Amino acid sequence: MNFLQLAWKSISGNGLRSWVVALSALVVAAFALFGTLLLRGAATSLELAAERLGADIVVVPDGAQTEMEGALLMGHPASFWMPEENLQKLAAVPGVEAVSPQVYLATLVGAACCSASEMFMVAYDPQSDFTLRPWLEKTLPGGLAEGEVVGGDFISATEPNDGILVYGTTVRLTGNLEPTGSGLDQSLFFTMDTARQLAVSSWVNAEEPLIIPPDQVSAIMVKTTPGADVEKVAVEILRTVPGVFPVASADLFQSSRAQLKSLLNTVVIMMALLWPIAIALIGMVYLMAANERRRELGMLRALGATKRFIAQSLLTEASLLALCGAAVGIFVAVLAIYLFRRLIINSLGVPFLLPSPGSLALQIAIGLLLAMASVFLAALLPAIKVSRQDPAVAMRE
Amino acid sequence: MNKVMGGLMVLFALVLAIAPAFTDCQSHGKMLTTADGRSIAMKCHWAGIAEIAAAVPLGLAGIYAMFGRRKDTLRFAGIVGASSALMGILLPTILIGTCANPSMICNVLMRPTLLASGILALVSSAALIMTAREPQFAPAGVAA
Amino acid sequence: MQGNTMIKLESVTKVYELGRGATVIAAKDVSLEIGAGEFVAIVGRSGSGKTTVLNLAAGLTRPTAGRVTLDGIDLWRLTDKEQSRLRNQKIGFVFQFPSLLPTLTVLENVILPTTFGPRESRAAARARAADLLERIGLSDKINVYPRQLSAGQQQRVVIARSLINKPELLLADEPTSNLDEKTEMEIVGLFRELHATLGVTVVLVTHTRQLVSAGMRAIEMAEGRVAAPQLAIGGVPENGSRPVEYAKNGLSATVAGQSELSY
Ligand SMILES: Nc1ncnc2c1ncn2[C@@H]1O[C@H](COP(=O)(O)OP(=O)(O)OP(=O)(O)O)[C@@H](O)[C@H]1O
Ligand SMILES: [Mg+2]
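Position numbers for residues count from 1 along each chain, tracking the sequence in the order it is written. The naming scheme follows written order: chains are lettered A onward, ligands numbered 1 onward. Whole-chain, interface and lining totals are the exception, using all residues; otherwise, since this is a predicted model, local features are given only for residues with pLDDT of at least 70 and side-chain atom pairs are given and counted only at 80 or more. In computing side-chain properties, one takes all heavy atoms of the structure into account and sets aside hydrogens as well as water.

Helix and strand assignments come from DSSP, with helices taken as H or I runs of at least 4 residues and strands as E runs of at least 2, each series counted from the N terminus. For chain C, the count of helices and strands is six helices and ten strands. For chain C, restricting intrachain contacts to residue pairs at least 6 apart in sequence, the fraction spanning at least 24 positions comes to 70%. Whether two residues are in contact is decided by their heavy atoms: any pair within 4.5 Å suffices.

Right, dumping it as structure tokens:
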């Protein structure tokens with residue numbers, strides 16, 4: 001028999017105490033993991049969305065910034081327009097290297113249930129495009145032909161032959177992009193030509209026509225010259241081109257970042273409250289348990305256990321409980337995040353992407369360690385105190 | 001241990017049985033409209049109804065686990081609980097499934113709730129079976 | 001080994017602090033010697049310091065003054081580790097209170113002390129424990145939990161546990177205090193047999209004077225002092241306290257059906 005076994009026997013023989021300690025560890029671990037997973041997932045998703053957009057500055061009509069972010073991040077349908085001639089004006093701004101227009105369209109809201117989902121559609125100009133091409137090319141080296149679309153991760157074809165019915169016209173889904181956790185996952189990408197063709201045929205085929213105002217675009221992607229100060233270029237755009245609002249990529253998704261920050265604060269505050277309470281609770285339970293077991297521990301000393309052994313076995317007991325509790329807590333947290341991610345995305349208004357297995361494993365390890373360290377810390381003082389006491393006194397209880 | 005596990009099984013059984021009534025598409029006023037204009041319930045609704053068939057044996061097994069004393073009673077309760085929990089997981093995923101649209105309420109709320117309860121009930125049942133094992137204590141050197 | 005001194009207390013005083021300045025003198029200037037291989041009884045009223053003397057002898061409490069040596073070793077010159085090792089290997093304990101761990105089976109309880117000793121195979125420890133349990137007539141209770149045993153059976157398990165590491169010294173603190181008279185006699189008989197067959201030094205604390213049999217050395221404690229270091233059974237104690245009653249049948253009592261005991 002070794003002291004691990006002894007600790008285990010003691011745990012299973014002392015129900016209530018063990019449950020309290022394990023449960024505290026469970027709550028701490030579950031909460032810590034849930035919080036960090038959520039925050040990390042949201043942050044990764046935001047970065048990924050910004051990166052996928054691939055522009056240094058996104059120029060939208062003045063007042064449409066929130067709508068644009070809602071479309072890109074959450075997939076909320078959006079529609080806003082500005083004159084196409086802004087392209088030339090922007091290209092003339094010093095520090096701008098390239099510009100490319102995009103048109104944002106939304107599918108019919110309230111489409112029949114259990115058919116294709118609500119989609120956010122992005123039409124781009126293949127001639128000037130520099131933002132979509134790099135990652136479109138991964139999926140589709142040849143580029144998109146007319147009538148062909150590329151979908152985000154959630155998009156799936158419902159008609160035969162990879163067809164998707166959009167405004168009464170069936171387009172062919174040629175590939176899907178990797179998930180970002182943001183609205184881009186339910187977006188459909190196609191060329192301007194496809195968009196115009198859809199608009200024309202929608203008058204005949206669709207219940208409601210698709211209207212693309214002539215000589216209008218939704219947004220303009222701007223690439224700055226290497227070495228240029230993006231912020232300065234943005235200010236210059238604001239000054240020289242009327243009616244538009246430039247969003248530097250670093251400032252993109254400001255509202256989501258703010259949301260994320262308040263989420264982080266909430267998690268930090270909750271942890272700051274929860275953690276000491278858990279440690280104090282576990283410490284108290286251990287002090288009580290150690291006092292309750294004074295005679296037993298004194299007796300073990302008489303049978304030849306060293307002070308070190310006593311302290312070690314108490315700490316082992318605590319750590320085992322912490323490990324079990326934390327493992328369950330982490331399981332529950334990961335399960336909850338994984339299953340309820342859509343609900344979380346919808347209700348918190350931040351995008352979310354489940355982290356890669358590697359980073360998930362790392363966070364689980366950190367969560368386990370945190371819970372074990374808390375319990376260890378909480379049990380350390382009682383363990384040392386009890387191990388130091390005079391066995392003769394301890395046995396007299 | 002068996003009391004806690006049994007309690008959890010009853011709890012998850014209640015969730016399995018009750019949650020669909022509030023989280024399927026029908027409860028949020030969405031029905032399928034057929035070509036001739038009639039409204040019929042969608043399959044997420046039927047998956048939710050079918051969950052009751054998984055929840056009843058799970059809950060009963062949980063009650064048995066809470067009040068049972070004999071090891072084989074507990075083990076039996078664990079096995080019944082585990083198989084009904086598995087049923088609870090399979091119904092909204094493979095056997096019946098939910099609506100196709102991933103952003104619909106049944107997929108956002110009902111399916112995850114059912115899966116979470118099912119998985120946790122499965123784990124509780126497994127823990128119950130583990131604790132109700134026969135003590136396999138064969139001290140070495142005593143046999144002789 | 002016979003002839004050596006096993007336990008030696010030299011003017012040992014033990015003062016317990018009760019807090020708020022109050023103190024209790026549990027042992028006052030106690031000097032005594034117990035030779036290896038002796039069978040000694042310690043008698044005295046409740047609170048007279050019997051347990052304190054045993055604790056001092058085993059190094060379970062540090063004397064306030066005086067010196068304690070065990071088999072020639074000054075106990076309080078040892079590190080905690082050395083002291084623990086010595087207790088583990090040399091001393092077998094039978095406590096005044098129920099001391100089996102309720103979460104362990106009988107067999108696990110008996111091999112508990114080997115957990116603190118030098119490494120040895122599980123099988124060896126188990127075999128020894130099974131052997132001891134067989135000798136005290138409990139081989140059919142090996143995998144049973146202590147609560148399923150009678151008080152007398154539990155005490156016999158404790159005795160088996162005290163013998164697992166083949167100690168040279170057995171310290172038994174009122175091992176029969178909550179047993180009926182017949183079982184009491186059986187247990188004392190078991191100690192006598194252990195003493196006779198194994199040659200262990202036995203120190204037996206009791207306040208049942210019937211247990212002290214003729215020819216046995218008895219030390220009487222009173223108010224923390226040694227009242228009589230060599231109580232002559234049947235004689236009148238030097239300090240004039242109550243005369244010691246004779247043991248009536250302590251000698252003949254042995255555990256039914258048990259024959260020889262040896263390590
Ligand atoms: N840890 C302690 N703290 C305070 N007082 C103590 C302590 N241990 C013993 N005493 C006191 O020392 C005295 C002797 O105690 P001890 O336990 O040695 O007596 P005893 O002869 O074994 O009695 P009993 O027959 O009741 O077991 C008693 O008055 C007791 O109250
Ligand atoms: Mg005593």
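Turning next to the site of ligand 1. By convention in this text, a residue qualifies as near a molecule or strand provided that one of its non-hydrogen atoms is within 4 Å of it. Of all residues adjacent to ligand 1, which total 16 residues, the nearest are S46, K50, T51, T52 and Q96 of chain C. One chain alone does not account for the residues near ligand 1; they come from chains A and C. N or O atoms within 3.5 Å of each other form a polar contact, as long as, within protein, one can give a hydrogen and the other can take it, and as long as residues adjacent in sequence are counted only when both atoms are side-chain atoms. Contacts to ligand 1 include Q96 of chain C, whose side-chain N or O atom sits 2.7 Å from an oxygen atom. Only β1 (5–19), β2 (22–35) and α1 (50–57) of chain C provide two or more residues apiece to the shell around ligand 1. Looking at the shell around ligand 1 element by element, the count peaks at three residues for α1 of chain C. Gly is placed with the polar residues, together with every amino acid not listed as nonpolar (Ala, Val, Leu, Ile, Met, Phe, Trp, Tyr, Cys and Pro) or charged (Asp, Glu, Lys and Arg). Of the residues in the shell around ligand 1, the class split is five nonpolar, seven polar and four charged.

To continue, consider the interface of chain B and chain A. Counting residues at the interface gives 20 residues for chain B, matched by 14 residues for chain A. Any Lys or Arg side-chain nitrogen located within 4 Å of an Asp or Glu carboxyl oxygen qualifies as a salt bridge. Inspection of the chain B/chain A interface yields zero salt bridges. Where chain B meets chain A, there are zero residue pairs in polar contact (both at pLDDT 80 or more). Put simply, the parts of the chain that give the side of chain B that touches chain A at least two residues each are α1 (2–23) and α4 (105–131) of chain B. With nine residues, α4 of chain B is the largest single contributor of residues to the side of chain B that touches chain A. Here the side of chain B that touches chain A is composed, by residue class, of 17 nonpolar, three polar and no charged.

Once that is clear, we can look at the sheet that holds strand β10 (residues 219–224) of chain A. Residues and elements named next belong to chain A. On the basis of which strands lie adjacent, the open sheet formed by nine strands has the order β6-β7-β5-β8-β4-β3-β10-β1-β11 and mixed pairing. At either end of the open sheet lies a strand with only one pairing partner, and these are β6 (163–166) and β11 (244–248). The average undirected angle you get between the axes of adjacent strands in this sheet is 35°. When DSSP finds two or more bridges between two strands, those strands count as paired. Relative to β11, strand β1 (residues 57–61) is paired through five bridges, and the arrangement is antiparallel. Within the sheet, the bridge partner assigned to V59 lies in β11 and is P246. A fitted line through C-alpha atoms represents every axis, and for helices the fit uses only the stretch in contact; the resulting angles, taken between N-to-C directions, go from 0 to 180 degrees. Helix α3 (residues 65–74) contacts β1, β3 (96–106), β4 (120–124) and β11 of the sheet and is inclined by roughly 120° relative to β1. The sheet contacts of helix α7 (residues 230–240) involve β1, β3, β10 and β11, and relative to β11 the element is tilted by about 175°.

Attention shifts here to the sheet that holds β1 of chain C. All names here are of chain C. Read from one edge to the other, the open sheet built from four strands follows the order β2-β1-β4-β5, with strand pairing classed as antiparallel. Among the strands making up the open sheet, the edge pair consists of β2 and β5 (73–74). Pairing geometry for strand β4 (residues 65–70) and β5, over two bridges, is antiparallel. Across the sheet, the residue bridging to L70 is I73, located in β5. Helix-sheet contacts for α1 involve β1, β2 and β4, and the interaxial angle to β1 is about 115°.

Below, the discussion takes up the packing of helix α8 (residues 254–292) of chain A against helix α12 (residues 357–388) of chain A. Residue and element names in this part refer to chain A. Put simply, α8 and α12 touch, their axes get as near as 8 Å, and they point 35° apart. Crossing geometry of α8 relative to α12 is assigned as right-handed. Mapping the contact onto sequence places M271, W275, I279, I282, G283, Y286, L287 and A290 in α8 and L370, S374, V375, L377, A378, A379, P382, K385 and V386 in α12. Looking at side-chain class alone, the contact of α8 with α12 contains 14 nonpolar, two polar and one charged residues. What makes a crossing left-handed is the near helix being turned counterclockwise from the far one by less than a right angle; a clockwise turn instead makes it right-handed.

Residues and elements named next belong to chain B. Residues enter patches when their relative accessible area tops 30% and they take part in no salt bridge; the joining distance is 9 Å for like charges and 5 Å for the nonpolar side chains Val, Leu, Ile, Met, Phe, Trp and Tyr. Only the protein chains shown count as covering a residue, and every accessible area follows the Shrake-Rupley method with a 1.4 Å probe. On the surface, a nonpolar cluster with roughly 700 Å² of combined accessible area is contributed by W46, I49, I52, V56, L60, I63 and F67. Topologically, I63 is positioned in helix α2 (residues 43–67). Only protein chains enter the area calculation, which uses a 1.4 Å probe; residues under 20% of their type maximum are buried, those over 50% are exposed, and those in between are partly exposed. What makes I63 partly exposed here is its relative accessible area of 40%.

The backbone of D215 of chain A sits at a positive phi, close to 55°, despite the residue not being glycine. Within the fold, D215 of chain A resides in the loop between α6 (192–205) and β9 (216–217). The class of D215 of chain A is exposed, set by a relative accessible area of 58%. One non-glycine residue with positive phi stands out, namely E223 of chain C, at about 50°. As for its position among the elements, E223 of chain C is in the loop between β9 (217–222) and β10 (225–231). You can call E223 of chain C exposed: its relative accessible area is 69%.

What follows is about the coordination of the magnesium ion (ligand 2). Residue and element names in this part refer to chain C. Protein ligation of the magnesium ion (ligand 2) involves T51 (OG1) and Q96 (OE1), the donor distances falling in the range 1.8 to 2.6 Å. With T51 in helix α1 and Q96 in the loop between β6 (91–94) and α3 (106–111), this pair connects stretches of sequence that are 45 residues apart. Classification of Q96 by relative accessible area gives partly exposed; the value is 37%. Distances decide who is a donor: an N, O or S atom must be within 2.8 Å of the metal, or within 3.2 Å for Na, K and Ca. Water is not included, so sites may look incomplete.

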